[in-house]
Amino acid sequence: MGIVVILLVLVFSIVLCVIEIPKMLQDRQYRELWTFSILLGLGTILAILKSLNVDIPNPSDFIAWVYSPVEGVMKGLLK
Amino acid sequence: MDKIKITNHQLFSLTANGAIGGSVIVIAAVVTSIAKQDAWIAALVTPAFGMLIIWIYWFLGSQYHGITFVGIIKNIFGKWIGLIVAACFVFLCVIISSHLPWYISNFMTTQTMPETPAYAINSLFVIAFVIAVLYGIETIARASELFIYFASILFFLAMILVLPNAKIENIQPVFEKGIIPILKSSVFLSCFLTFPLITLMMIYPINLTNISEAKKSIFKGYLWAGFIIFITIFMSILVLGSTITANSQYPTYLLAKEINVGIIFTRVEFLITAVWFVTQFMIGILFFYAGVIGLSELLGLKDHKRIVMPLGLITLVMSGVVFPDAIYQANWVNLVWPPYVITYGLILPVLLFLVFIIKKWIFKMDTRG
């Protein structure tokens, strides 16, 4: 199952690149090209890691860590 | 940036859909667990405070025509501080847009389709987000105009059908524990009803033709949503009682399960689910749209449509990562989400408001002296 998902994601990314990148080059949107490549690369890597069952760092944990000082206040409000 | 304009009625429906979406099916649980049978009073108190916050949103928007919330932040806080604050705001939008499909897939896998993998349901949702944002804000606004009629009619139909099961004893005694639990629970209600509307600020000043009429439509939309949430909580307590409401994950769905008119009209709980799906979809689009527009404005992109698909892929993958299980989600939503959204939905606009007032005051002194 993992292999199928990885293949699907790779096909999706390649097709998206083939369609989008020439358009951006034509319009000289180099900033867009950079952002597009970085985001798509990130998304593809995340999707592959997820389908290989690797633990991806959870942004919710990060937010919970940032707001851990006020956790006591929230617990008090919940009572 | 695109200068597509939406009408004031579309703004009304976007506001109402956004405010209903995050809260209609889940919020009764946490509010009732704190305020017990008085939770319906909290639903009356919250919009009263909320109006003040919505007024601040409107005021900030009305002072700056033609720029988004990211632009307003940069304009008021200056280039560098503004950039950092705006980046944090965009991060919130992107992360929450991957939280929202999780609720749908969790609901579907626990209540109706236990064999289906969560990603199958998430992907349908995220693909719809991507298509909607690719079509642009006008399509989203028009869809929301249809959705608000659809959602309101189905919602009131469900509520009328469940009315025979109401027991007035369930809300007695009124004011048993005094006003404190009501105020506490209204903090939580605001976090789902009022503060997520900050994403609307990415649409409201820039994509609107008639700013002076906008105040009325934002307030109307917000009050309409507040009214629907009030009915939700009130009926949940009347029919289910405060204990069952507080202990279930999806109380409004449970409420609709109680519908039993004769023997013919049973099992119509998907009336409520349909309402929730379309409104949750709208708040999801609002967050995703705000994330896309905000990111492209931060990076100075001319065409935001280029980054929609890659960002959609990230959102889809993250929607299965952000909450490992329902217990983690319940903890996160109760302990982390309120301070997180209060930072951006309450503290940030108030800070912007104060800095704006101070700047304007100093500016006036300069011009006079």
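The structure under discussion appears in the preceding block.
Residues numbered from 1 in each chain as written. Chains lettered and ligands numbered in written order. Predicted model: local features only at pLDDT ≥ 70, side-chain atom pairs only at ≥ 80, totals over all residues.

S.K.: Quick question: what am I supposed to make of the interface of chain A and chain B here?
M.R.: Interface size, as often reported, equals the accessible area lost upon joining of the parts. Listed per partner, the contact involves 28 residues of chain A and 28 residues of chain B. Elements with a minimum of two residues in the side of chain A that touches chain B: helix 1 (2-26), helix 2 (30-51), helix 3 (59-66) and helix 4 (71-78) of chain A. A total of eleven residues in the side of chain A that touches chain B trace back to one element, the largest contributor, which is helix 2 of chain A. Looking at the side of chain A that touches chain B residue by residue, the classes come out as 17 nonpolar, five polar and six charged. (Contact = placed C-beta atoms within 7 Å. Helix = DSSP H or I, 4+ residues; strand = E, 2+ residues; numbered from the N terminus. Nonpolar A, V, L, I, M, F, W, Y, C, P; charged D, E, K, R; others polar.)

S.K.: Would you mind going over helix 8 (residues 180-193) of chain B with me for this structure?
M.R.: Think of an α-helix as turning once every 3.6 residues; residues three or four places apart then point the same way. Residue and element names in this part refer to chain B. Between its terminal C-alpha atoms helix 8 stretches 20 Å, which fits the 20 Å expected from 14 residues at 1.5 Å a residue. In terms of burial, helix 8 is largely enclosed, as ten of its 14 residues are buried. Taken as a whole, helix 8 has its buried residues at Pro 181, Ile 182, Ser 185, Ser 186, Phe 188, Leu 189, Ser 190, Cys 191, Phe 192 and Leu 193. (Expected span 1.5 Å × (residues − 1). Buried ≥ 20, exposed ≤ 12 C-beta atoms within 10 Å, placed from the backbone.)

S.K.: When you look at the nonpolar core in this model, what are you seeing that I'm missing?
M.R.: Soluble globular proteins: nonpolar side chains tend toward being buried together. All names here are of chain B. Within the largest apolar cluster, 138 residues are counted, with the highest numbers of intra-cluster contacts made by Val 31, Ile 229, Ile 285, Tyr 289 and Val 292. In terms of residue count, the dominant contributor to this core is helix 12 (residues 270-298) (16 residues). With sequence-adjacent residues up to four places away left out, Val 31 is seen in contact with Ala 39, Ala 42, Ser 185, Phe 188, Leu 189 and Ile 233. (Core = buried A, V, L, I, M, F, W, Y, C linked by C-beta atoms within 7 Å.)

S.K.: I keep staring at the packing of helix 1 (residues 8-21) of chain B against helix 7 (residues 137-162) of chain B and nothing clicks. Help me out?
M.R.: Between two packed helices, both the angle of their axes relative to each other and the distance between the axes serve to describe the pair. Residue and element names in this part refer to chain B. The interhelical angle for the contact between helix 1 and helix 7, taken along N-to-C directions, is 60°, at an axis separation of 8 Å. Overall, the two elements helix 1 and helix 7 adopt an arrangement that is oblique. Where helix 1 crosses over helix 7, the two elements pack in a sense that is left-handed. Along its contact with helix 1, which presents His 9, Gln 10, Ser 13, Leu 14, Ala 16, Asn 17 and Ile 20, the element helix 7 presents Ala 141, Arg 142, Ser 144, Glu 145, Phe 147, Ile 148 and Ala 151. Partitioning the contact of helix 1 with helix 7 into residue classes produces seven nonpolar, five polar and two charged. (Axes fitted to C-alpha atoms, helices over the stretch in contact; angles between N-to-C directions. Parallel < 35°, antiparallel > 145°, perpendicular 65-115°, else oblique. Left-handed = near helix turned anticlockwise from the far one by under 90°.)

Nothing here speaks to function; it is all geometry.
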